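Okay, here's what each chain looks like letter by letter:
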Amino acid sequence: MCDPVKKGTAVPTILIDNSRTRVTRWSFSGRGDNTGWHRHEYDYLVVPIQDGGLDIRLADGTISRSELRVGVPYFRMQGVEHDVLNGNDGSFAFIEIEFLEEASS
C-alpha cells in the first residue's frame, strides 16, 4: 500500500520487491488494528490467507465490511484511498500484490 498519510498499527512485511511487483504481508494483531490512511498508486490484488472480515473506512467517513475467504483474491485499480481495519476478534493477515510496471510484450 503506497503513500501512507498516517502510520497505522498493522505490520507490513515486504516479501518481494522488484521493478514489476511488490508483495506485502499485512499482519493485524487484534481488532481495530489498521493500515493507516493511504492511496494506492498501483493496481493491486489481495489474496486472503485467513477467513475473516475487514472494515474499510473511506474518506467520507463511511465504513464498509469486506468478508474475505482463504484463497479467494480480489483486484482493485490504482487510486483507491482508504484505511483498512481488522474487524476480527483476533489476529488477521492477508497478502497484497502491487503491479508496479506492465510487462513488456
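Everything here concerns the structure above.
In this text the structure is predicted, and so the values were computed from the model without any measurement.

Parameters and conventions
Residues numbered from 1 in each chain as written. Predicted model: local features only at pLDDT ≥ 70, side-chain atom pairs only at ≥ 80, totals over all residues. Heavy atoms only, no water. Phe/Tyr/Trp six-rings, centres within 6.5 Å; stacked < 30°, edge-to-face > 60°. Helix = DSSP H or I, 4+ residues; strand = E, 2+ residues; numbered from the N terminus. Buried < 20%, exposed > 50% of the residue type's maximum accessible area, 1.4 Å probe, protein only. Pairing = 2+ DSSP bridges. Axes fitted to C-alpha atoms, helices over the stretch in contact; angles between N-to-C directions. Contact = heavy atoms within 4.5 Å.

A. Looking closely at the packing of aromatic side chains. Tallied over the full model, the rule gives 1 aromatic pair. On the basis of an interplanar angle of 35 degrees and a centroid distance of 5.8 Å, the ring pair of Phe 28 and Phe 94 is categorised as tilted. Of this pair, Phe 28 sits in strand β2 (residues 21-28) while Phe 94 sits in strand β9 (residues 92-99), and the two are 66 residues apart along the sequence. With a relative accessible area of 1%, Phe 94 lands in the buried category.

B. Focus on the sheet that holds β2. Judged by pairing direction, the sheet is antiparallel, and its 5 strands sit side by side in the order β1-β2-β9-β4-β7 without closing on themselves. What marks the edges here is a single partner per strand, and that holds for β1 (11-17) and β7 (74-76). With strand direction ignored, the average angle separating the axes of adjacent strands in the sheet is 20 degrees. Where β2 meets β9, 8 bridges bridge the pair, whose relative direction is antiparallel. Bridge pairing in β9 links Thr 24 to Glu 96.

C. Highlighting the environment of Val 70. One can find Val 70 in the loop between β6 (63-68) and β7. Its relative accessible area of 49% is what places Val 70 among the partly exposed residues. For the pair Val 70 and Asn 18, spaced 52 residues apart in sequence, the C-alpha separation works out to 26 Å. Apart from residues lying up to four places away in sequence, Val 70 is in contact with Pro 48, Ile 49, Gln 50 and Asp 51.

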